[in-house]
Amino acid sequence: MLFSEAIERPGGEAAVLLHGGAWDIPPDQHEDHLAGLREALDCARGILEKDGCALDSVAAAVESMESSGIFDAGCGGVLNLEGEVELDCGIMCGRTLDYGAVVGVKRIENPVLLARFILEKSDGSARILTCEGAEKFAGSNGFSLVDKADLVSERERSRYSELRERMEGYHTSHPFLSSGKQPRGTVGCVARDRSGALAAATSTGGTPLRPAGRVGDSALPGSGYYASGSAACSATGWGEAIIASLLAGRSVDGVGVGGAPAEVLSDVLEQMQASIRNEDGQGATGGLILLDSEGAGAWAFSTPHMARAGWAEGGQSWAAV
C-alpha cells in the first residue's frame, strides 16, 4: 500500500518539508516523533521567515533532529554489528549543485554541520569524506570530536541486545531487518527560500546490526537526497534499494520534465517496490519528500507510517505520523 499527498503552495515564497523516517513506527513513539518534528520545523521556518537561505534552513532542521535522540540520526543512531554508532549525512544546494557529505563518522555529534562545512569550504576536490579521514578533517577545522560512547543511547543499547538475541547471521536485505518493523528513522529536510533557491539534506544512523563500514543512501547525492533548480528531494527507507533506484535524483528529474510531484513520488516508489525484493520476497519500501521550484510539493511512503511535517508561507505548520 502506498500513501501520498500533494501539497499546494498557499501563495507565499518560502516553504519547508521534513521527515523523520518511514517504517512501522510504534504507537507509543508517535508523540515523541511529532514533538521532534515540530521542534525541527520551527528551526527551519524561523530561518526562512527571516529571509534566511534554504541551505541554512535544512541544516538547522536536520541538526535539531540529530540532537533530539528521537530519530535514527545523531545521538539517536542505531548500532552496527559491533555495537557502535556510525553516522552518514549529505546536503546539497539546488542553485549551484554543490554538495557535501560524510560517511561512517563515529565522533561527530551533528554530521549535517560537517557536511555543510564541506559543501562550503571544499575546492571541489573532496565532496564526500569518510570515517577517520572525515573526523581528522573536522578536528583540523575546529569541530569538537566527542567520545564514541557519547553517541550511544540507552534505548539503542537495549535494542542492540534484543536484536542480537533474536537474529542468527546477517545480511542488509535479511527479511527480519529490512521489514518495516525495524527502525528507519533517517531524517531529512527540503526547503525553498524567498529567493527561490532550493536545498535538501538527509542524515542517518543506518540500519540496525549492519556490518561495520556499510554505506547506505543518505550520503549519496541522487540517492538519499538531491536538489536542482527544479526541485529538492530527501529519501528514507531501505538504503540499498534506494541507491539502486537513484530515488531522489529520479524524483527531481521527473518533476523537472513536468511531472506532478505527488505522481512522480508515487511512481518511483512503486517502481522500486516492484523491481527490488528482499530474500523473503518483500518489495523494497521507503518514503520521500519533495518541493518544486514554485514551493509546491508532495510526500509519499510505502510503509505503515512516515514521520513528516511541513510549512509554507500563507499556511499553517503541520506534523503527522
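Everything quoted here is computed from the prediction, not taken from an experiment.

Caption draft 1: Structural context of the overall build of the chain. Across its full length, the chain carries nine helices and 13 strands. For a compact globule of 321 residues, the expected C-alpha radius of gyration is about 20 Å, and the chain comes in at 18 Å, within 12% of that figure. Scored against the burial criterion, the 321 residues of the chain give a buried share of 59%. When contacts within the chain are restricted to residue pairs at least 6 apart in sequence, those whose partners lie at least 24 apart make up 70%. Element-wise, carbon and sulfur atoms account for 48% of the exposed surface of the chain, whose accessible area totals about 12,100 Å². Counting 26 positive and 44 negative side-chain charges, the chain places the centres of these two groups 2 Å from one another.

Caption draft 2: Quick peek at the packing of helix α3 (residues 111-121) against helix α4 (residues 131-140). α4 packs onto α3 with a crossing angle of 75° between their chain directions and a minimal axis gap of 11 Å. Here α3 lies roughly perpendicular to α4, going by the angle between them. Each of Leu114, Phe117 and Ile118 in α3 lies in contact with α4, whose residues at this interface are Ala134, Phe137 and Ala138. Taken together, the residues of the contact of α3 with α4 sort by class into six nonpolar, no polar and no charged.

Caption draft 3: Inspection of the sheet that holds strand β11 (residues 297-301) at higher detail. Reading across the sheet, the five strands line up as β1-β11-β10-β9-β8 and stay open at both edges, with antiparallel pairing between neighbours. What marks the edges here is a single partner per strand, and that holds for β1 (3-7) and β8 (225-227). Adjacent strand axes in the sheet meet at a mean angle of 5°, parallel and antiparallel pairs treated alike. By the bridge criterion, five bridges tie strand β10 (residues 286-292) to β11 in an arrangement that is antiparallel. From the neighbouring strand, Leu290 faces β11, where its bridge partner is Ala298. Where helix α8 (residues 247-256) meets the sheet, it contacts β8, β9 (231-237) and β10, and its direction lies at approximately 145° from that of β9.

Caption draft 4: Structural view of the sheet that holds strand β7 (residues 198-204). The sheet built from eight strands is open, its strands ordered β5-β4-β3-β7-β6-β2-β12-β13 with mixed pairing. Across the chains shown, the open sheet's two edge strands, defined by having one partner strand only, are β5 (128-130) and β13 (318-320). Going across the sheet, the axis of each strand differs from the next one's by a mean of 5°, ignoring polarity. Sheet strands touched by helix α2 (residues 54-68): β2 (15-23), β3 (87-93), β6 (187-192) and β7. Its angle to β6, the strand with the most contacts, is close to 160°. Against the sheet, α4 touches β4 (99-105) and β5, its axis set at about 105° to β5.

Caption draft 5: Structural context of the pattern of salt bridges. Enumeration over the complete set of coordinates arrives at 13 salt bridges. Put simply, Glu13 and Arg192 hold a salt bridge, and the shortest N to O gap is 3.3 Å. On the criterion of sequence distance, the pair formed by Glu13 in the loop between β1 and β2 and Arg192 in strand β6 is long-range, its members being 179 residues apart. Its relative accessible area of 33% is what places Glu13 among the partly exposed residues. The buried category is assigned to Arg192, whose relative accessible area is 7%. Across the pair Glu156 and Arg159 runs a salt bridge, and its minimum N-O distance is 2.7 Å. Pair noted here: Glu156 and Arg159 are both in helix α5 (residues 154-166), with a separation of three residues, about one helical turn. Per residue, the accessibility class of Glu156 equals that of Arg159, and both read buried. Where salt bridges share partners, they join Asp51, Arg194 and Glu313 into one cluster.

Caption draft 6: Up close: the pairing of strand β12 (residues 305-312). Across the eight residues of β12, eight count as buried, placing the element largely inside the fold. Alternating residues of β12 divide into His305, Ala307, Ala309 and Trp311 and Met306, Arg308, Gly310 and Ala312, and every residue in both groups is buried. As judged from the seven bridges shared by β2 and β12, these two strands associate in the antiparallel manner. Across the sheet, the residue bridging to Val16 is Trp311, located in β12. Both β12 and β13 contribute to a ladder of three bridges, which runs antiparallel. Directly across from Gly310, in β13, lies its bridge partner Trp318. Where β12 folds back on β13, the antiparallel hairpin that results is connected by five residues, among which Gly314 adopts a positive phi of roughly 90°.

The rules behind each value
Residues numbered from 1 in each chain as written. Predicted model: local features only at pLDDT ≥ 70, side-chain atom pairs only at ≥ 80, totals over all residues. Heavy atoms only, no water. Helix = DSSP H or I, 4+ residues; strand = E, 2+ residues; numbered from the N terminus. Rg over C-alpha atoms; globule rule 2.2 N^0.38 Å. Buried < 20%, exposed > 50% of the residue type's maximum accessible area, 1.4 Å probe, protein only. Contact = heavy atoms within 4.5 Å. Areas by Shrake-Rupley, 256 points an atom, 1.4 Å probe, with all protein chains shown as cover. Lys, Arg positive; Asp, Glu negative; His and termini not counted. Charge placed at Lys NZ, Arg CZ, Asp CG, Glu CD. Axes fitted to C-alpha atoms, helices over the stretch in contact; angles between N-to-C directions. Parallel < 35°, antiparallel > 145°, perpendicular 65-115°, else oblique. Nonpolar A, V, L, I, M, F, W, Y, C, P; charged D, E, K, R; others polar. Pairing = 2+ DSSP bridges. Salt bridge = Lys/Arg side-chain N within 4 Å of Asp/Glu carboxyl O.

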